[in-house]
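Spelled out, the chains give:
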Amino acid sequence: MTSSSSPSQDTKRLAHDYPEGLRADALMEEDVAWSHEIDGERDGDQFDRSERAALRRVAGLSTELQDVTEVEYRQLRLERVVLVGVWTSGTVQDAENSLAELAALAETAGALVLDGVIQRRDKPDAATYIGSGKADELRDIVLESGADTVICDGELSPGQLIHLEDVVKVKVIDRTALILDIFAQHAKSREGKAQVALAQMQYMLPRLRGWGQSLSRQMGGGKGGGLATRGPGETKIETDRRRIREKMAKMRREIAEMKTGRDIKRKERKRHRVPSVAIAGYTNAGKSSLLNRLTGAGVLVENALFATLDPTVRRAETPGGRLYTLADTVGFVRHLPHHLVEAFRSTMEEVGESDLILHVVDGSHPNPEEQLAAVREVIRDVGATDVPEIVVVNKADAADPLVLQRLLRIEKRSIAVSARTGQGIAELLALIDDELPRPAVEIEALVPYTHGKLVARAHDEGEVISAEHTAEGTLLKARVHEELAADLAPYVPAAAL
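Not measured: the values here are computed from a predicted model.

How would you explain the sheet that holds strand E9 (residues 276-281) if you had to name every residue and give the values?
Neighbouring strands of a sheet are bound in pairs by backbone hydrogen bonds; such pairs are parallel or else antiparallel. The 6 strands are arranged E10-E11-E9-E12-E13-E14 in an open sheet whose pairing can be described as mixed. With one partner strand each, in any of the chains shown, strand E10 (312-317) and strand E14 (414-416) form the two edges of the open sheet. In this sheet, adjacent strand axes meet at a mean angle of 25° when their direction is disregarded. As defined by bridge partners, E10 adjoins strand E11 (residues 323-328) across 6 bridges and the pair is classed as antiparallel.

Quick look at the structure:
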């Protein structure tokens, strides 16, 4: 029987072989580095370092269609995915752009895209989304590429998911599940997390599956058995659905309570007659960058889809000195899941309740008109079609000049800017100043110095044209709302009546 070296002997050997600054690193690596002098004397077979660090599958520990990696050897790895889309209308370029956007969504979620395929059909197949023959071809592609997930560019029914998984033998998700996963990763606030959880449960409810018969029936209630237990009981899947519905009801109540706080703040701003501007637009169009450029808000800016979810409201000031609020909303995308629109309705109300919408579009995108149409569809869903809109074509420094000219010609109320370089920002601020609603009453009053609060209100709630300090008081000329005009009426000079 061979004897293994003692720890004290190993430590002496390390002290002799390594300089002072490298001893700590050598000690930390002692359990993964192999040495014939040390490890050759250890009992038992020793794994090679690369083999010990490799990912290994353990049969019977599966939570998906394949076995998960052994916990003690688990390493962070990206899901390897194959994308599949069905081209039902439009040009082939439209279909490729949609799949390219799906690839960007997958990469944002942390996946590694290996391949992408498109099939031309009049409508998706009712059973497998792409048809049985194409499903077999997709299985071959998955085997060749070594993918572990298939992502479909559309919302699949529960039956389509099950049938396609049965053929390709790997996990299958759709566009809706992918977007929900990204939202779950990026939600930071309590309200954002609750909204995402509600949307996920709405999506999950019709897609629950039964996993065998061992828990398929649960007996009815009753003390001591007897007649009360003779009924068929409630199936396991019915129990799961009931629990999900209860959680959804609780989540809706919590979101409604959080919505109350936002409504109070919004009413307070309206009471003080502070105009509001909402920034809406496609995801990754540069909304947060524009908010930072206009207000210095310091919101996270990242070249990723749905980098920011939680709405941010900041105070801003026009070149003329008028105060207003600027709200950054969640980004939109083509085929935004209906569950998300419903769950984020309280957040999206910032758009519907605003006085002006800055519709930000990415000028460097291959098809910015599609972005405009997708965002306007969601704006219609939240009932904000009557709010005035300014189309802000962002990333003008990277856009094709011909595309900019086309957009500015098609959209009558539009402006080209670059949030990164500051190009066009001064013109945008002037345009906001012109488009914001102005107080209806123009008044001239001599306000005594003892009533300086009225002058302060005119500055905060109205638009001061001029203010001159005289011996009798402040000669104020301003545009104000009806309530403040009534308070200033006693100080209007007789000559002005």
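Let's hear about the sheet that holds strand E3 (residues 79-87): which residues, and what values?
With parallel pairing, 4 strands are arranged side by side in an open sheet as E4-E3-E5-E6. The sheet terminates laterally at strand E4 (111-120) and strand E6 (171-174), the two strands that pair on one side only. Between one strand axis and the next, the sheet turns through 25° on average, direction left out of account. Note that E3 and E4 share 9 bridges and pair parallel. From the neighbouring strand, Glu-79 faces E4, where its bridge partner is Ala-111. Across the sheet, helix H5 (residues 92-108) touches E3, E4 and strand E5 (149-152), and the angle it forms with E4 is around 155°. Across the sheet, helix H7 (residues 158-168) touches E5 and E6, and the angle it forms with E6 is around 145°.

Mind laying out the nonpolar core, listing which residues take part and the relevant values?
Soluble globular proteins tend to pack their nonpolar side chains together in the buried interior. By size, the foremost hydrophobic cluster in this structure holds 78 residues, and its most contacted members are Leu-138, Leu-164, Phe-332, Leu-358, Val-392 and Leu-428. The element best represented in this core is helix H8 (residues 175-186), accounting for 6 residues. Counting contributing residues, this core receives three or more from each of domain 1 (74-186) and domain 2 (274-435). Excluding residues within four positions of it along the chain, Leu-428 makes contact with Leu-290, Leu-294, Leu-358, Val-392, Ile-415 and Val-417. Core analysis: the next-biggest nonpolar cluster, separate from the first, contains 13 residues, Leu-476, Ala-478, Leu-488 and Val-492 among them.

Run through the environment of Asp-181, naming residues and quoting values.
On the secondary structure map, Asp-181 appears in helix H8. Look at Asp-181 and you get partly exposed, because its relative accessible area is 34%. Expressed as a C-alpha distance, the spacing of Asp-181 and Ala-109, which sit 72 residues apart in the sequence, is 6.9 Å. A distance of 2.8 Å separates the side chain of Asp-181 from the side chain of Gln-185, its partner in a polar contact.

Explain helix H9 (residues 190-204) to me, using residue names and the numbers behind them.
In a regular helix each residue adds 1.5 Å, so 15 residues correspond to 21 Å; H9 covers 21 Å between its end C-alpha atoms and thus fits that length. Where H9 is concerned, the buried positions are Glu-191, Gly-192, Ala-194, Gln-195, Val-196, Leu-198, Ala-199, Met-201, Gln-202 and Tyr-203.

Lay out the packing of aromatic side chains in plain terms, naming residues and giving numbers.
Tallied over the entire structure, the rule returns 0 aromatic pairs. The ring of Trp-87 has Arg-120 sitting right over it, with the charged end atom 4.4 Å from the ring centre.

Could you give me a rundown of the confidence of the model for the protein, with the residues and numbers involved?
Per-residue confidence for the protein averages 75 on the pLDDT scale, and 73% of its residues sit at or above 70. Ranking the elements of the protein by mean pLDDT puts helix H2 (residues 23-28) last, at 41, and E14 first, at 93. Segment residues 224-231 is flagged for pLDDT under 50; beyond a separation of four residues in sequence, or across chains, it makes 7 contacts in the model.

What counts and what doesn't
Residues numbered from 1 in each chain as written. Predicted model: local features only at pLDDT ≥ 70, side-chain atom pairs only at ≥ 80, totals over all residues. Heavy atoms only, no water. Pairing = 2+ DSSP bridges. Helix = DSSP H or I, 4+ residues; strand = E, 2+ residues; numbered from the N terminus. Axes fitted to C-alpha atoms, helices over the stretch in contact; angles between N-to-C directions. Contact = heavy atoms within 4.5 Å. Core = buried A, V, L, I, M, F, W, Y, C linked by side-chain atoms within 4.5 Å. Buried < 20%, exposed > 50% of the residue type's maximum accessible area, 1.4 Å probe, protein only. Domains from an automatic or database assignment. Polar contact = N/O pair within 3.5 Å; in protein donor to acceptor, adjacent residues only side chain to side chain. Expected span 1.5 Å × (residues − 1). Phe/Tyr/Trp six-rings, centres within 6.5 Å; stacked < 30°, edge-to-face > 60°. Lys NZ or Arg CZ within 6 Å of the ring centre and 35° of its normal. pLDDT = per-residue confidence, 0-100.

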